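# Remarks on the overall topology
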Amino acid sequence: MTPFSRLIQSLLLLAFIGFSVSSAHAQVKTAWPKQAIKIIVTFTPGGAPDILARVLAENWQQNLGVPVLVENRPGYGGNIGAELVAKSDPDGYTLLIGTVGIHAINGALYEKMSFDPVKDFTPISFLASTPNVLIVNKQLGVTNVHELIALAKAKPNQLTFGSSGVGTSLHMSGELFKEMAGIDIRHIPYKGRAQSLPDLVSGRISMLFDNLSSSLPLIKAGEVQALGVTTLKRSQAAPEIPTLAEQGLPGFEAISWFSLMAPANLPSSIQKRLNQLTRQALQNPDVKNRLLLGGLDPAPGSPEDLSKLIAAESRKWSRVVQQSGAKVEP
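A short tour of the structure in this document, coming up. Since we're looking at a predicted model, the values are computed, not measured.

Quick notes on the rules
- Residues numbered from 1 in each chain as written.
- Predicted model: local features only at pLDDT ≥ 70, side-chain atom pairs only at ≥ 80, totals over all residues.
- Heavy atoms only, no water.
- 1 Å grid on protein atoms, 1.4 Å probe; cavity = no way out; pocket = protein on both sides within 12 Å on 5 of 7 lines; lining within 4 Å.
- Points joined across faces, edges and corners; volume = space filled by probe spheres on them.
- Helix = DSSP H or I, 4+ residues; strand = E, 2+ residues; numbered from the N terminus.
- Nonpolar A, V, L, I, M, F, W, Y, C, P; charged D, E, K, R; others polar.
- Buried < 20%, exposed > 50% of the residue type's maximum accessible area, 1.4 Å probe, protein only.
- Polar contact = N/O pair within 3.5 Å; in protein donor to acceptor, adjacent residues only side chain to side chain.
- Phe/Tyr/Trp six-rings, centres within 6.5 Å; stacked < 30°, edge-to-face > 60°.
- Pairing = 2+ DSSP bridges.

### Topic: the layout of surface pockets
Put simply, the largest pocket is a space of about 320 Å³. Lining the largest pocket are 14 residues, with Pro131, Ser235, Gln236, Ala237 and Asp297 positioned closest to its centre. It is strand 4 (residues 121-136) that provides the largest number of residues to the lining of the largest pocket, a total of three residues. Grouping the constituent residues of the lining of the largest pocket by class yields five nonpolar, six polar and three charged.

### Re the side chain of Asn106
Tracing the chain through its elements places Asn106 in helix 4 (residues 100-109). Judged by relative accessible area, Asn106 falls into the buried class, the value being 0%. Within the structure, Asn106 has its side chain in polar contact with the backbone oxygen of Gly77 (distance 3.0 Å). A distance of 2.7 Å separates the side chain of Asn106 from the side chain of Asn79, its partner in a polar contact.

### What to know about the packing of aromatic side chains
Under the counting rule described, the total for this entry stands at five aromatic pairs. Here the aromatic rings of Trp32 and Tyr93 are separated by 6.2 Å at their centres, their planes lie at 40°, and the arrangement is tilted. Within this pair, whereas Trp32 is found in the loop between helix 1 (3-30) and strand 1 (37-41), its partner Tyr93 is found in the loop between helix 3 (79-86) and strand 3 (94-99), the two being separated by 61 residues in sequence. Measuring from ring centre to ring centre gives 5.9 Å for Phe115 and Phe121, while their planes differ by 85°; the resulting arrangement is edge-to-face.

### Describing unusual backbone geometry
Trp32 connects to Pro33 through a cis peptide bond whose omega is 0°. At Tyr76, a residue that is not glycine, the phi angle is positive and equals roughly 60°. Its place among the elements puts Tyr76 in the loop between strand 2 (68-72) and helix 3. If you check the backbone angles, Asn265 has positive phi at about 70° while not being a glycine. With respect to the helices, strands and loops of the structure, Asn265 is situated in the loop between strand 9 (255-263) and helix 9 (268-282).

### A look at the pairing of strand 4
Where burial is concerned, most of strand 4 is hidden: 16 out of the 16 residues are buried. Direction of pairing for strand 4 relative to strand 9: antiparallel, over a ladder of nine bridges. Directly across from Thr122, in strand 9, lies its bridge partner Ala262. With five bridges joining them, strand 4 and strand 7 (residues 207-211) adopt antiparallel strand pairing. Residue Val136 lies in a different strand from strand 7, and its bridge partner there is Met207. Summarising the sheet, strand 4 and strand 8 (residues 225-229) pair through four bridges and their orientation is antiparallel. When the sheet's bridge partners are listed, Leu134 is paired in strand 8 with Gly228.

Purely spatial values, then, with no claim about function.
Have a look at this one:
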């Protein structure tokens with residue numbers, strides 16, 4: 001080998017080493033996660049979205065070695081917390097527990113929104129669903145849906161129903177109930193279940209649509225009367241509670257579902273990693289049993305399946321919003 005050939009070989013070797021070092025530095029620079037992850041919940045603590053966020057946070061923190069924080073940002077039908085995430089950097093460090101209200105109802109309900117509930121988010125995975133349940137104040141004196149409808153017709157616009165906020169699936173459950181039962185009851189919105197349930201127990205409101213997972217302890221303690229679940233089939237978590245569909249409202253269905261979302265333009269590598277972490281967490285037998293016992297049905301899936309669900313649910317609830325005439329001014 002000539003001196004010139006050895007020189008060329010040495011230069012090529014140095015270039016290769018330099019490229020390898022640069023690549024390693026780039027990988028370190030783009031490694032995820034390197035810092036604390038924050039999961040935004042758009043309702044007060046204690047409800048189904050909060051439970052899911054804390055289950056994920058606990059599991060991820062054990063597996064990732066970085067803090068995973070849960071932050072509650074309730075209000076405005078979930079829009080306050082959702083806007084915060086929509087306008088965050090798409091780096092995987094600020095995530096959202098998405099809801100049917102935020103991503104499939106609010107777009108039709110609110111006259112103006114500061115973010116797009118679909119375009120401004122990157123779907124990660126479906127998390128879980130839970131039936132909603134119609135519960136009433138025990139002093140109302142009704143034990144089934146037939147009796148409640150008869151009472152509401154005898155007292156038009158005198159009975160009230162609460163929800164965890166305007167535009168939530170709980171609010172829309174009430175609007176669908178009004179439409180299908182042909183009754184007139186007044187909606188009383190709250191910032192979350194933590195405020196609405198005491199008012200129901202005390203009799204300040206007549207009835208409430210709530211996530212079954214959140215209401216089960218009160219139902220079992222006998223503090224409220226459960227009249228029916230909003231799914232087509234009875235819930236395995238409380239099979240003794242009949243459906244609204246089997247009590248004179250055939251086809252009645254209103255499910256609360258929850259998803260994991262990130263800001264739009266999230267790198268696909270982080271999207272895939274988050275999807276993988278979510279699947280691993282919710283398929284863990286202990287985690288799954290814990291959620292099932294609480295009335296939540298975990299079912300992680302692909303980002304593509306989540307996008308299709310949001311599109312289908314948007315069509316359904318846009319019709320309910322239109323027929324109810326419900327609108328929220330900015």
